[in-house]
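Observations on chain architecture
Listed below, chain by chain, are the residues.
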Amino acid sequence: MSSWKNLLLKIGDNCPEYGNSDDLKDHIETCFGVIRRELEHSSDDVPHYIINCAEQIPHKIPLYGTLVGLLNLENEDFVKKVVETTQRKFQDALDSGNCDRIRILMRFLTVMMCSKILQPGSLVVVFETLLSSAATTVDEDKGNPSWQARADFYVTCILSCLPWGGAELIEQVPEEIERVMAGLEAYLSIRRHTSDTGLSFFEEDDESGKGLVEKDFLEDLWHRVQALSSNGWKLDSVPRPHLSFEAQLVSGKSHEFGPISCPEQPDVPTAVSGITHGKQKHDAELKYPQRIRRLNIFPASKSEVDMQPIDRFILEEYLLDVLLFFNGCRKECAFYMVNLPVPFRYEYLMAETIFSQLLLLPQPPFKPIYYTLVIMDLCKALPGAFPAVVAGAVRALFEKIADLDMECRIRFILWFSHHLSNFQFIWPWEEWAYVLDLPKWAPQRVFVQEVLEREVRLSYWDKVKQSIENAPALEELLPPKGGPNFKYSMEDGRERSEEHALSAELTNKVKGRQTAREIIVWVEESVYPIHGLGVTIKVVVQTLLDIGSKSFTHLITVLERYGQVISKICPDHDKQLMLIEEVSLFWKNNTQNAAISIDRMMGYRLISNLAIVRWVFSPENIDQFHTSDRPWEVLRNAVSKTYNRICDLRKEIISLKKGVTLAEEAAAKAKAELEAAESKLSLVDGEPVLGGNPARLSRLKLHAEKAKNEEISAKESLEAKEALFARAVEENEALYLSLYRNFSNVLMERLPDASRAGTLQDLKSTHADAMAVDLEEPSAMELDNENGRPKKSQSNGGSSGNVYNIGEKEQWCLSTLGYVKAFSRQYASEIWPHMEKLDAEVLSEDTHPLFRRAVYSGLHRPIN
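Quick summary incoming for the structure in this document.

Parameters at a glance
Residues numbered from 1 in each chain as written. Predicted model: local features only at pLDDT ≥ 70, side-chain atom pairs only at ≥ 80, totals over all residues. Heavy atoms only, no water. Helix = DSSP H or I, 4+ residues; strand = E, 2+ residues; numbered from the N terminus. Buried < 20%, exposed > 50% of the residue type's maximum accessible area, 1.4 Å probe, protein only. Lys, Arg positive; Asp, Glu negative; His and termini not counted. Salt bridge = Lys/Arg side-chain N within 4 Å of Asp/Glu carboxyl O. Polar contact = N/O pair within 3.5 Å; in protein donor to acceptor, adjacent residues only side chain to side chain. Phe/Tyr/Trp six-rings, centres within 6.5 Å; stacked < 30°, edge-to-face > 60°. Axes fitted to C-alpha atoms, helices over the stretch in contact; angles between N-to-C directions. Parallel < 35°, antiparallel > 145°, perpendicular 65-115°, else oblique. Left-handed = near helix turned anticlockwise from the far one by under 90°. Contact = heavy atoms within 4.5 Å. Nonpolar A, V, L, I, M, F, W, Y, C, P; charged D, E, K, R; others polar. 1 Å grid on protein atoms, 1.4 Å probe; cavity = no way out; pocket = protein on both sides within 12 Å on 5 of 7 lines; lining within 4 Å. Points joined across faces, edges and corners; volume = space filled by probe spheres on them. Patch = residues over 30% accessible without salt bridge, like charges linked within 9 Å, V, L, I, M, F, W, Y side chains within 5 Å. Areas by Shrake-Rupley, 256 points an atom, 1.4 Å probe, with all protein chains shown as cover. Charge placed at Lys NZ, Arg CZ, Asp CG, Glu CD.

Some points on the side chain of E38
Within the secondary structure, E38 is located in helix α2 (residues 24-38). No salt bridge is formed by the buried E38. Its closest oppositely charged neighbour is R37, at 7.7 Å. At 3.4 Å, the side chain of E38 forms a polar contact with the side chain of W4.

Describing the pattern of salt bridges
If you walk through the whole model with that rule in mind, you get 61 salt bridges. Notably, a salt bridge pairs K764 with D403, separated by 3.1 Å at the nearest N-O pair. Of this pair, K764 sits in helix α33 (residues 760-770) while D403 sits in the loop between α20 (386-399) and α21 (406-421), and the two are 361 residues apart along the sequence. In this structure, R750 and E749 form a salt bridge, with 3.1 Å as the shortest nitrogen-oxygen distance. Overall, the relative accessible area of 22% leaves R750 in the partly exposed class.

Considerations on the packing of aromatic side chains
In this structure the tally under the stated criterion is 39 aromatic pairs. Where Y643 meets Y827, the ring centres are 5.4 Å apart and the plane angle is 65 degrees; that geometry is what we call edge-to-face. Here Y827 lies in the loop between α34 (808-826) and α35 (828-831) and Y643 lies in helix α31 (residues 630-678), a separation of 184 residues in the sequence. Given the relative accessible area of 3%, Y827 is considered buried.

Structural notes on the packing of helix α3 (residues 45-56) against helix α6 (residues 99-114)
The relative placement of two packed helices comes down to the angle between their axes together with the axis-to-axis distance. Running from N to C, α3 and α6 point in directions that differ by 115 degrees, and their axes come no closer than 9 Å. Comparing their axes, α6 and α3 come out roughly perpendicular. Both α3 and α6 take part in a crossing whose hand is right-handed. Contacts from I51, A54 and E55 of α3 reach α6 at R101, I104, L105 and F108. Looking at the contact of α3 with α6 residue by residue, the class counts come to five nonpolar, no polar and two charged.

A look at empty space enclosed by the protein
Following the criterion strictly, the structure yields five cavities of 30 Å³ or more and no others. Along its surface, the largest cavity is lined by 20 residues, and M406, R409, V446, E450 and Y819 are the ones closest to its centre. When residues of the lining of the largest cavity are traced back to their parent elements, those giving at least two are α21, α22 (443-458) and α34. In terms of residue class, the lining of the largest cavity is built from 11 nonpolar, five polar and four charged. In this model, the second largest cavity occupies a volume close to 50 Å³.

Observations concerning the side chain of K116
Assignment of secondary structure puts K116 in the loop between α6 and α7 (120-138). In this structure K116 touches N72, Q172, L249, V250, G252, K253 and S254, once residues within four positions along its chain are discounted.

A few points about a negative patch on the surface
A surface patch of like charges, here negative, comprises D22, D23, D26 and E29. With respect to the helices and strands, D26 occurs in helix α2. A residue is classified by how much of its surface remains accessible, and D26, at 36% relative accessible area, is partly exposed.

Structure, rendered in structure tokens:
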């Protein structure tokens, strides 16, 4: 890498390039000297590289802004190019809805204003342009309030710039900035308060209506900015290196920032209804998502010590930016996260921010594995501080695990088991040994059980057993130790039956490399007519699974070679249900392999998603809904695979449409060239002949025919793919109707009457009310625990003995409703198009209000 590029990247870092100095002024002067010389050779590269650095290392923007300000003193044309490039990029970002680029470039503009590069009035015009668009959007008469998410985003961007430039704006253009502040206040008065219902980390927040009472994110930011304004815009969390060069910068030329325009808002639907409004609102929130939802794990006395209100927002911005721009570079990510330009310690807030992203609903910005690696690297980078903070976060979340959203709970289990696997599975399990005294359905007990099961997947049974030696009784919660449950195994000395003989014969046929067709003939002639369907499915499925049980590769090989045999004997949903039951029995001691086998069979179209839904809602699995993740993992895989299929088809159709357009253009061009050649007069043997050179005409005809054939082929491919997509949409609709009908049926059977349980809190108290007489006696929950654990509440599922005041039936309902909400939220984009049919056929008036609330909450749809 060029030395000037390296200096730009490392500016502000304690590194050899800057003599391991921390002095920001020295850094800027050193870098300025090198860049100034470089401009004599490669002036075209430098502006783009500076802007790229500002975009991708945004916590260094004040340094880059000051550097450009100094360059402005000597090379105005270069800085003019920087401003014009920034304006062009900013307009493109607005047009495409690139939220991160809009936000970062607005901060860069603000810092350039502080360094006298931009006129303050130009920045105010940018603010007012965004503010005007936002106010128009939320106007009931002129706008489209469904797209309030975009309006809120624009206003958030304006507010988020003020910590970086509020002091300069109030000093240089006080009237204009006061006008902007008045406009912001007016906007906040007309917009709708946004609720986090369906997106809260904890069920109790949804239930209690906290999202309706407390300030939403934008209102909270407005109050933090107002507090900063009242404090004279003084803060320590934003570096202000331009002040060290103020005497020099003031003589620089301030440039105009070109005009910008916000994209037009989407049209209001012609038929306005709750569904059309909800669909547009969902689309808007997908395109302009709220960047963070705060997960308050620790008390403010720990997470916000020595901070003023705005500091929390600024530090979150720093952390989220580092996570965003260094997502492919975990070591650099950890380095920058522990070296942010703030004068206070922030380990607790850093942990809260990372966990808030890991558990963010509906989806984390990146795959959960990324956050696992970041936390692991931070524990190694700060060995004396961060591991204890992470452990404290785990304990705090464990205490509230019963109230944690079901999707968050699953992610928490997956993260925690993976995290422990990177630290030799060390954890003080004795602290949680008391969960054995709780009922099998208590969320804390289920959490420990699921973490141990996931650990076994990541290691092996004996290793995990060894890791809990300080709490040996927890072995009870370990998954079964064992491999396949092969019915026709001869190793255990079972009596050899006729089915054993059939299985052995099939094994020999497979080892003898007989084809799938030959085995199908054998099944149709020698097995099915004599032994019937049940035995046929058992023998074939159990035997093929046994042959493929040695490894994942063996399984894939068997399914590829002999999948036709399975599809022949299990062509419909009823028989596929029997097939899934056999797979589940074969792998009853290994949840992971059961899920993988069913998933692979669905991938090879041997099992349909509807058959999987039927199996998940079979009586045996229904009874596990609140005590095991086994059926839910299979269901998640099936719905996810269906969702991915339709998403892939959409992408392929978009690509094919572009191909058709290109093919049409090529065919039209070839035809035009041919017609032009045919219309020309040329001399042949001294006589004028229409058509020109025969050889050239022949070439043009061939080219035109080829282009036309390619156009026809492209259109046929598009039509075929669109037909597949239409079929996939129908399958999608059938899947969601089946899923929600099954949810509705099992919940209606078990939920108390709506008059007694209209809310989740009513449901939780149903069992407690029945036990009221028993609880009149002194409860073990009132005693202080010897080990210093806090007293547990009824809602969090903890205890100091075997007390858990939510009954099994009520816990089953709570868990199932939690999964209803989780599925609705995760696949909302595919569910909304079928909402009218779901409303009519499943969510009718006689549906239990708790079920309807769970669906609507997951879709972020108003209950009324």
